[in-house]
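Residue-level listing of the chains:
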Amino acid sequence: MSGEGNEALGALDPRCIAAIAGTLQHCWPGSATLSPAALGLGTSLDRHHAFIAAVQGLCDRGLLAYEALLIGIGGPEVRDAALTARGRALLQDTALRAAA
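Engineer: An account of helix α2 (residues 14-26) is requested, with residue identities and associated values reported.
Structural biologist: Taking 1.5 Å per residue, 13 residues should reach 18 Å; α2 reaches 18 Å between its end C-alpha atoms and fits that length. Listing the buried residues of α2 in full gives Cys16, Ile17, Ala18, Ala19, Ile20, Ala21, Leu24 and Gln25. Looking at where α2 begins, the residue whose side-chain oxygen comes 2.8 Å from the main-chain nitrogen of Arg15 is Asp13.

Engineer: Residues and numbers for the pattern of salt bridges, please.
Structural biologist: Counted by the stated rule, this structure contains two salt bridges. Its salt-bridge partner being Asp13, residue Arg47 comes within 3.1 Å of it at the nearest N-O pair. Linking Arg47 in helix α3 (residues 45-60) with Asp13 in the loop between α1 (3-9) and α2, this pair joins segments that are 34 residues apart in sequence. Its relative accessible area of 17% is what places Arg47 among the buried residues.

Engineer: So, the confidence of the model for the protein: which residues are in play, and what are the values?
Structural biologist: The share of residues in the protein with pLDDT of 70 or more is 85%, and the mean pLDDT across the chain is 87. Low pLDDT, under 50, characterises residues 1-6; the predicted model gives this stretch nine contacts beyond four residues in sequence or across chains.

Engineer: Tell me about the packing of α2 against α3, and please be specific about residues and values.
Structural biologist: In contact at an axis separation of 9 Å, α2 and α3 are set at 65° when each is read in the N-to-C sense. In the packing of α2 onto α3, the handedness of the crossing is right-handed. For the pair formed by α2 and α3, the contact residues are Arg15, Cys16, Ile17 and Ile20 on the first element and Arg47, Ala50, Phe51, Ala54, Val55 and Leu58 on the second. Considered class by class, the residues forming the contact of α2 with α3 number eight nonpolar, no polar and two charged.

Engineer: Provide a residue-level description of unusual backbone geometry, including the pertinent values.
Structural biologist: With an omega dihedral of 5°, the bond running from Trp28 to Pro29 counts as a cis peptide bond. Along the chain, Pro29 falls in the loop between α2 and β1 (32-34). Residues other than glycine seldom take positive phi values, yet Asp80 does so here, at roughly 55°. Inspection of the secondary structure puts Asp80 in strand β4 (residues 75-83).

Engineer: Describe in detail the side chain of His48, supporting the description with residues and values.
Structural biologist: As for its position among the elements, His48 is in helix α3. Take His48: its relative accessible area is 14%, and that puts it in the buried class.

Rules and cut-offs
- Residues numbered from 1 in each chain as written.
- Predicted model: local features only at pLDDT ≥ 70, side-chain atom pairs only at ≥ 80, totals over all residues.
- Heavy atoms only, no water.
- Helix = DSSP H or I, 4+ residues; strand = E, 2+ residues; numbered from the N terminus.
- Expected span 1.5 Å × (residues − 1).
- Buried < 20%, exposed > 50% of the residue type's maximum accessible area, 1.4 Å probe, protein only.
- Polar contact = N/O pair within 3.5 Å; in protein donor to acceptor, adjacent residues only side chain to side chain.
- Salt bridge = Lys/Arg side-chain N within 4 Å of Asp/Glu carboxyl O.
- pLDDT = per-residue confidence, 0-100.
- Contact = heavy atoms within 4.5 Å.
- Axes fitted to C-alpha atoms, helices over the stretch in contact; angles between N-to-C directions.
- Left-handed = near helix turned anticlockwise from the far one by under 90°.
- Nonpolar A, V, L, I, M, F, W, Y, C, P; charged D, E, K, R; others polar.

Shown next, in the form of structure tokens:
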């Protein structure tokens, strides 16, 4: 990831970023439904908070777009999430490292 990308994502959980990037890179140019459990991030409240912060941070930086963020008893779920073109380019290295 570029220096700009490292700075932009530094405050976000790297495990969440790698899981989100890997999943969305794999289904590019389509979209996917994401949740901490489906991404293998766990089901604890801390992991839910880290996941929500990562999704929100990626969206705020223009790297991720999604249709809906649902938060319920089963935990958070992001529907129809997709990387933007900028997000795909910036997060490609993250997804490759996660797959290795």
